[in-house]
Amino acid sequence: MRHIMLELANKRIVLGLTGGIACYKVAEFVRRAGEQGATIDVVMTQAATQFITPVTMQALSGRPVYIDPWDSRVPNNMAHINLTRGADAILIAPASTDFLAKLAHGMADDLLSTLCVARGNCPLLVAPAMNREMWLNPATQRNVALLRQDAVQLLGPAEGEQACGEVGSGRMIEPDQILSELVAFFQPKTLAGKCVLITAGPTSERIDPVRVITNRSSGKTGYAIARAAREAGAKVILVSGPTALPTPYGVTRLNVESARQMHAAVMDHARDSDIFISVAAVADWHVVNSSDQKLKKTAGGGAPQLEFAPNPDILAEVAALEGGPWCVGFAAETENLDEYAEAKRRRKGVPLLVGNLAHKVMDADITELVLFEDSGRSSLTPQPKLQAARALVQAISQRLPR
Ligand code: C5P
């Protein structure tokens, strides 16, 4: 069965381009947002047309592009009204210094600025893109503060190398980040103001510099939960064992290898967190007699004698903290899920334990989560990991003590 999840299905977005070299990156965003089901009406300032042609934007959006407030193709000549009514959001990317200034002061001297003033309740998101000195200029910063007061949502800017060769803050965030921020914008903010600490992935216990003992875990579920918690408005810290996954946008990631490193990183942040979600597949033991040099095969063919000692149980320790976060555990089992998961929940002392059958979900993109709590057992429908993660975040937000 294929699960196709269109993240922007039925969403109508007005995309405004203003003058900046980052216009070329927005072409990619339009294609990707279209693939996710969005209908995109592109509006460009005259300056934007110096950087990318309206033909390109028309071809990618599959719709007419608007530039001129006196566009005779618009029957009532009120594109600034027509475009915003029924739109789910207006996104300005790239947003130039000049355009931020115009927005902050309610100026309306071209189609894009006019439709922003005429937008009514339509949400406005802006992705600034400019040279670092232009971004740091006190006038720009004053304008940005005004825009925040007016509930305009700022996406970025990012730090890094700039088209002019300078390095600093002011780069537009990348097209895939704009896309994930737009998708996030439409998710319910059920964890607004909360701090969520999550562990994900495997741990890796060293035998010698080239050999480790690890658990099979892609980290996909934990990363999806981190993304879903951020989308729900939380501040998210993700303590991650070794994985090949990209960090979800806006999530703070702390990389660890061993269970003891994971324990230390978690304990550093546990008391400041409202929720702890322990998704990592933590090794139960570490090798006491690990070697600083590569172990060599002996002539007789004998195997090394490894000695193990138990690792700290991170979840149980956090759950036992007085005034600590609300804790969620995970259990991947190969059999007797109900019996083992509920026993694990009681042993760890957590209000919610999420179980799944390892052979069904390992390496897969679909997951089946079963919730175990005081009131009994309930299961979420099998679904892609990101959707399951959103459903779990929703369930957690409903169970948090008020
Ligand atoms: O039975 P087990 O101890 O493996 O329980 C799994 C749950 O406990 C998971 O949430 C896992 O992240 C957590 N755990 C932990 N520290 C360990 C072992 C497991 O936090 N040392």
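These lines cover the structure that appears in this document, whether it is placed above or below. Since we're looking at a predicted model, the values are computed, not measured.

1. Digging into the overall build of the protein chain
Summing up its helical and strand segments, the protein chain has 14 helices and 21 strands in all. C-alpha extents for the protein chain along the principal axes are approximately 85 × 50 × 45 Å. Sorting the 402 residues of the protein chain into buried and exposed places 49% on the buried side. Counted over contacts in the protein chain with a minimum sequence separation of 6, partners at least 24 positions apart contribute 67%. Put simply, the protein chain shows about 19400 Å² of open surface, and 50% of that area lies on carbon and sulfur atoms. Taking the 41 positively charged and 41 negatively charged side chains of the protein chain as two groups, their mean positions are separated by 2 Å.

2. Remarks on the environment of Ile277
With respect to the helices and strands, Ile277 occurs in strand S13 (residues 275–278). Taking C-alpha positions, Ile277 is 49 Å from Gln46, a pair spaced 231 residues apart along the chain. Residues in contact with Ile277, not counting those within four places in the same chain, are Val196, Leu197, Ile198, Thr199, Ile225, Val328, Phe330 and Ile396.

3. Examining the pattern of salt bridges
Scanning the entire structure with this criterion turns up 24 salt bridges. Note that Lys102 is salt-bridged to Asp109, the shortest N-O span being 2.8 Å. A relative accessible area of 9% means that Lys102 is categorised as buried. The salt bridge partner of Lys344 is Glu333, with a shortest N-O separation of 3.0 Å. Taken as a pair, Lys344 in helix H12 (residues 337–348) and Glu333 in strand S16 (residues 326–333) lie far apart in primary sequence, 11 residues in all. Exposure class is identical for Lys344 and Glu333. Each is buried. If you follow the salt bridges from partner to partner, you end up with Glu7, Arg227, Glu231 and Arg390 in one network.

4. Side note on helix H7 (residues 138–149)
Its 12 residues place the ends of H7 17 Å apart at the C-alpha level, agreeing with the 16 Å of an ideal helix rising 1.5 Å per residue. Turning to H7, its buried residues number three or more, namely Thr140, Asn143, Val144 and Leu147. The arc that holds the buried residues of H7, viewed along the axis, is 100°, so those residues lie on one side. Facing away from the buried side of H7 by over 90 degrees, the exposed positions are Pro138, Arg142, Arg148 and Gln149. Buried positions along H7 lie against helix H4 (97–104), helix H6 (132–136) and strand S5 (153–154). Following H7 by one or two positions, Ala151 has its phi on the positive side, about 65°.

5. Focus on unusual backbone geometry
Note that the residue after Ala93, namely Pro94, is joined by a cis bond; omega there is -5°. In this structure, the amide linkage connecting Gly156 to the following residue, Pro157, adopts the cis form with an omega of 5°. Unlike most non-glycine residues, Asn10 shows phi in positive territory, near 65°. In this structure, Asn10 sits in the segment before strand S1 (12–17). Judged by its relative accessible area of 74%, Asn10 falls in the exposed class. A positive phi is found at Asn77, a non-glycine position, where the angle reads about 55°. Here Asn77 is to be found in the loop between helix H2 (54–61) and helix H3 (79–82).

6. Things to note about the sheet that holds strand S17 (residues 352–357)
Read from one edge to the other, the open sheet built from eight strands follows the order S12-S11-S8-S13-S16-S17-S19-S20, with strand pairing classed as mixed. The sheet is open, and its two edges are formed by strand S12 (252–255) and strand S20 (376–379), each paired on a single side. The mean angle between the axes of side-by-side strands here comes to 20°, regardless of whether they run parallel or antiparallel. For S16 and S17, the ladder comprises six bridges, and the chain directions are parallel. Counterpart to Ala332 in the pairing with S17 is Asn356. On the sheet, helix H10 (residues 259–270) packs against strand S8 (195–200), strand S11 (235–240), S12 and S13 and is oriented at approximately 175° with respect to S8.

7. Some words on the sheet that holds S5
Sheet architecture is open: five strands sit in the order S2-S1-S3-S4-S5, paired in parallel fashion. Across the chains shown, the open sheet's two edge strands, defined by having one partner strand only, are strand S2 (39–44) and S5. When S1 meets strand S3 (residues 89–95), the two strands line up parallel, connected through four bridges. Its bridge partner lying in S3, Ile13 is registered against Ala89. Running over the sheet, H2 touches S1 and S2 and is turned about 170° from S2.

8. Re the pairing of strand S10 (residues 211–214)
Remember that side chains alternate between the two faces of the sheet whenever the strand is regular. With four bridges connecting them, strand S9 (residues 204–208) and S10 associate as antiparallel partners. By the bridge assignment, Arg206 is partnered in S10 with Val212. Hairpin connection of S9 to S10: two residues between the antiparallel strands.

9. Describing the nonpolar core
Counting 33 residues, the largest nonpolar core has Leu191, Ile198, Ile277 and Leu392 as the members making the most contacts within it. Listed by contribution, the elements that provide at least two residues to this core are S8, helix H9 (220–231), S11, S13, S16, S17 and helix H14 (385–399). Not counting the four nearest positions on each side in its chain, Leu191 is found in contact with Val196, Ala229, Ala232, Gly233, Ala234, Ile275, Val393, Ser397 and Leu400. Core analysis: the second largest hydrophobic core is formed by 32 residues, Leu8, Met44, Val65 and Leu125 among them.

What counts, and where the lines are drawn
- Residues numbered from 1 in each chain as written.
- Predicted model: local features only at pLDDT ≥ 70, side-chain atom pairs only at ≥ 80, totals over all residues.
- Heavy atoms only, no water.
- Helix = DSSP H or I, 4+ residues; strand = E, 2+ residues; numbered from the N terminus.
- Buried < 20%, exposed > 50% of the residue type's maximum accessible area, 1.4 Å probe, protein only.
- Contact = heavy atoms within 4.5 Å.
- Areas by Shrake-Rupley, 256 points an atom, 1.4 Å probe, with all protein chains shown as cover.
- Lys, Arg positive; Asp, Glu negative; His and termini not counted.
- Charge placed at Lys NZ, Arg CZ, Asp CG, Glu CD.
- Salt bridge = Lys/Arg side-chain N within 4 Å of Asp/Glu carboxyl O.
- Expected span 1.5 Å × (residues − 1).
- Arc of directions from axis to C-beta.
- Pairing = 2+ DSSP bridges.
- Axes fitted to C-alpha atoms, helices over the stretch in contact; angles between N-to-C directions.
- Core = buried A, V, L, I, M, F, W, Y, C linked by side-chain atoms within 4.5 Å.

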